[in-house]
Amino acid sequence: MTLLERAALAGASKVRLARRALSHPVCWPKDAARRERLLAATSMDAPPHPKPGTAPFLTMSEGRATLWSLEPSAGGDGWVDLGRVAENAVETARQVVARDVAALAHPERLMESRSWRARRLAVAGTGWDHLVDGASLGVAAGLAFISELAGQPVPPDVVASATLGADGRVGPVEGLAKKLDVVAEWGLGLRRFIVAADQEEELRALSKARDLALEVHGVSEIAEVVDLVFPELFEDLQGRWKAQPSEAVRVARTLFELALENTRLLQDWAGFADTAGVVAEVVQGEDARREAEIARQIAERHIGRARPLRLDEGWLRGQRRPIRLRLLAHAVQAAADAAEDDEELEALARSQLAPDLDRTGEDFRLLGALGRFHAAEHRFDRARRDLRDAVDGWLDIGAIAQVSHPACELLRVLGVMGEVESLERFREEKLRRVLNDPRVDPVSRTFLALAEARALVQLGREQEGLARIEAVGHGWALAPRHVQASAERWRARALDVLGREAAAQEARARSRRIAQEGKQSASFCDALCRIDAALHERDEAAAGAAVEELGAHDQYGRDVERIARRVGDEKLANALARHWRY
């Protein structure tokens with residue numbers, strides 16, 4: 001008989017311990033007879049149902065192991081606060097899930113700020129923890145976020161004890177043997193135990209030694225956790241949306257609003273694009289379908305699958321001006337990324353801009369898009385003017401957190417144009433002000449660091465560019481894959497010029513590995529790295545082969561064609577290495 005069952009059959013104080021544990025489904029045994037005995041002994045009505053947005057986890061401190069439930073909570077009696085390391089682990093999990101996981105039944109929750117706390121379920125050992133700290137709840141926090149976004153509970157037979165890095169990789173933890181004690185004695189509903197791949201054999205041996213009927217699953221990254229715990233995530237949501245049309249309409253609207261917001265919480269956008277695509281297929285009603293399709297196209301543009309965003313002008317005129325301008329900004333950027341020099345779209349967009357002193361944030365957003373549009377077509381003087389106006393406008397209205405988009409493109413343009421003095425003025429007068437403001441989020445800072453480093457390298461200031469990349473340090477792990485890969489690529493280019501061949505090769509290898517992991521959003525970097533290496537080694541055949549491969553790519557072939565049209569007599573390999581957006 002386990003400690004939980006003995007507690008349920010003991011005196012009043014012990015029964016209270018049993019009732020607390022049995023308030024969560026992970027502590028209920030699967031065997032019907034044992035469940036009936038516990039119901040009778042504790043006077044509980046029935047085993048509880050798991051709630052979406054919660055997940056069990058385990059800690060070990062001072063010789064005791066504790067089984068907890070991680071939940072969003074405002075606090076109060078019965079809740080235990082998280083320490084700084086645990087809070088950081090939860091935030092990292094939120095960012096990883098927002099970046100890498102699809103199927104969002106509740107995408108609006110990406111934008112919500114919540115406080116997370118732990119509810120104590122059971123303890124193996126003596127004493128109590130009055131603060132929960134450590135990174136071992138990382139994967140559990142990831143499960144809680146996935147559950148919350150999908151609106152599906154974590155199955156009550158699953159527990160995870162593993163760290164989760166900002167790159168989505170799963171890491172080992174301490175105290176597995178002691179944690180197994182609390183699972184064996186109190187977590188009677190648990191059958192699947194998720195750990196880092198490096199600890200699978202260790203936990204399997206410990207479980208076998210205790211004769212526990214546990215399935216041990218070793219995983220290396222968050223994608224494996226999703227496949228294991230939520231194997232039919234999309235299918236379940238698709239069925240729900242078909243059965244509840246109003247729910248599909250709600251999700252379509254939320255996806256549309258989030259896509260227009262262009263939040264960097266979403267970073268790689270692949271999961272968002274997949275979800276919007278499923279909604280567009282099943283949602284009923286022309287407006288809802290249009291909104292889901294626009295959301296999908298915006299998301300696909302962010303992962304390198306840009307295509308022209310056609311907006312019905314009658315419908316567009318019926319939108320309020322802020323929405324109209326934001327839609328036009330996305331349409332202009334889609335034209336830029338899809339290599340479509342659409343003069344009519346540009347004229348329409350520019351006609352919607354207010355006079356200079358009447359402009360608001362939406363005007364500056366559209367100006368930034370127009371700057372990108374001209375930069376893509378190598379009309380750099382016009383691009384520089386629009387981008388400067390966008391940056392100055394955001395700064396003038398105090399919206400400094402919005403500056404990063406036009407600022408990154410302006411830095412790229414100044415580097416390509418060879419504008420040394422203009423770059424230095426911009427860095428001193430504008431960029432430092434942006435980087436010193438705490439409202440600029442960590443992900444935006446990585447975009448700015450990449451753009452600044454690239455411009456410095458292109459202007460022959462390789463040592464400064466290298467220092468700028470190195471100053472970000474571990475912060476690169478928060479960036480989307482294509483930004484991480486591009487940062488390593490420009491690190492390698494700086495190292496090439498500085499004569500540090502071995503270090504350059506290592507950086508290039510890292511870039512290519514990240515590009516391969518990033519798949520849709522970062523795959524261009526693999527070919528660009530080979531172009532860079534071939535140019536550095538003066539290997540024209542290798543450069544030509546890499547250019548040909550990039551030109552044949554479904555997503556990037558049109559970018560190669562556009563650059564080829566604009567560079568004149570410059571060799572295409574050199575032009576691609578110099579002009580590619582990242």
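Bear in mind that the values here come from a model prediction, so they are computed numbers and not experimental data.

Undergrad: Mind laying out helix α20 (residues 442-458), listing which residues take part and the relevant values?
TA: The end-to-end C-alpha distance of α20 is 25 Å, a good match for the 24 Å that 17 residues give at a rise of 1.5 Å each. Where burial is concerned, most of α20 is hidden: 14 out of the 17 residues are buried. Structurally, the start of α20 carries an N-cap: the backbone nitrogen of valine 443 is 2.9 Å from a side-chain oxygen of aspartate 441. With its phi angle positive at about 80 degrees, glycine 460 sits one or two positions after the end of α20.

Undergrad: Tell me about the side chain of serine 161, and name the residues and values.
TA: Relative to the helices and strands, serine 161 is located in the loop between β5 (158-160) and β6 (163-164). Side-chain polar atoms of serine 161 contact the side chain of lysine 179, separated by 2.9 Å. Leave out the neighbours within four places in its chain, and serine 161 touches Leu58, Ser136, Val173, Lys179, Phe193, Ile194 and Val195.

Undergrad: Outline the packing of aromatic side chains, listing residues and values.
TA: If you walk through the whole model with that rule in mind, you get seven aromatic pairs. Seen in terms of ring centroids, phenylalanine 57 and tryptophan 68 are 6.3 Å apart; in terms of plane orientation they differ by 15 degrees. Their pairing is stacked. With phenylalanine 57 in strand β1 (residues 55-61) and tryptophan 68 in strand β2 (residues 64-72), this residue pair connects regions lying eleven residues apart in the sequence. Three or more aromatic residues joined by ring pairs make a cluster, and in this case those are Phe524, Tyr556, Trp580 and Tyr582.

Undergrad: So, the environment of alanine 270: which residues are in play, and what are the values?
TA: Along the chain, the position of alanine 270 falls in helix α11 (residues 270-282). Assessed through its relative accessible area of 23%, alanine 270 is described here as partly exposed. Separated by 31 residues in the primary sequence, alanine 270 and arginine 301 have C-alpha atoms spaced 9.9 Å apart.

Undergrad: Describe the sheet that holds strand β4 (residues 116-124), listing the residues and the values that go with them.
TA: The four strands lie next to each other as β1-β2-β4-β3, forming an open sheet whose pairing is antiparallel. Two strands bound the open sheet, and with one partner strand each, they are β1 and β3 (79-80). Across eight bridges, the pairing between β2 and β4 is antiparallel. Bridge pairing in β4 places proline 72 opposite tryptophan 116. Each of β1, β2 and β4 touches helix α5 (residues 138-150); the most contacted strand, β1, lies at about 165 degrees to it.

Undergrad: Describe a negative patch on the surface, and please don't skip the residues or the numbers.
TA: A contiguous patch of negative charge on the surface is contributed by Asp356, Asp358, Asp389 and Asp396. With respect to the secondary-structure elements, aspartate 358 resides in the loop between α15 (343-351) and α16 (361-376).

Undergrad: Describe the sheet that holds strand β9 (residues 215-219), listing the residues and the values that go with them.
TA: Here we have three strands laid out as an open sheet, ordered β5-β8-β9, and parallel in their pairing. Edge strands, defined here as strands with exactly one partner in the open sheet, are β5 and β9. For this sheet, the mean angle separating the axes of adjacent strands, direction not counted, is 25 degrees. Where β5 lies against strand β8 (residues 192-196), three bridges are found, and the strand directions are parallel. Bridging from a neighbouring strand, valine 158 pairs with arginine 192 of β8.

Undergrad: So what's going on with the environment of alanine 162? Which residues, and what values?
TA: Examined against the element boundaries, alanine 162 turns out to sit in the loop between β5 and β6. Judged by its relative accessible area of 0%, alanine 162 is buried. Considered as a pair, alanine 162 and glutamine 352 are 190 residues apart in the sequence and their alpha carbons are 52 Å apart. Among all residues touching alanine 162, those that are not within four sequence positions of it are Ala135, Ser136, Leu137, Gly138, Val139, Val170, Gly171, Val173, Val195 and Ala196.

Reading the values: the criteria
Residues numbered from 1 in each chain as written. Predicted model: local features only at pLDDT ≥ 70, side-chain atom pairs only at ≥ 80, totals over all residues. Heavy atoms only, no water. Helix = DSSP H or I, 4+ residues; strand = E, 2+ residues; numbered from the N terminus. Expected span 1.5 Å × (residues − 1). Buried < 20%, exposed > 50% of the residue type's maximum accessible area, 1.4 Å probe, protein only. Polar contact = N/O pair within 3.5 Å; in protein donor to acceptor, adjacent residues only side chain to side chain. Contact = heavy atoms within 4.5 Å. Phe/Tyr/Trp six-rings, centres within 6.5 Å; stacked < 30°, edge-to-face > 60°. Pairing = 2+ DSSP bridges. Axes fitted to C-alpha atoms, helices over the stretch in contact; angles between N-to-C directions. Patch = residues over 30% accessible without salt bridge, like charges linked within 9 Å, V, L, I, M, F, W, Y side chains within 5 Å. Areas by Shrake-Rupley, 256 points an atom, 1.4 Å probe, with all protein chains shown as cover. Salt bridge = Lys/Arg side-chain N within 4 Å of Asp/Glu carboxyl O. Lys, Arg positive; Asp, Glu negative; His and termini not counted. Charge placed at Lys NZ, Arg CZ, Asp CG, Glu CD.

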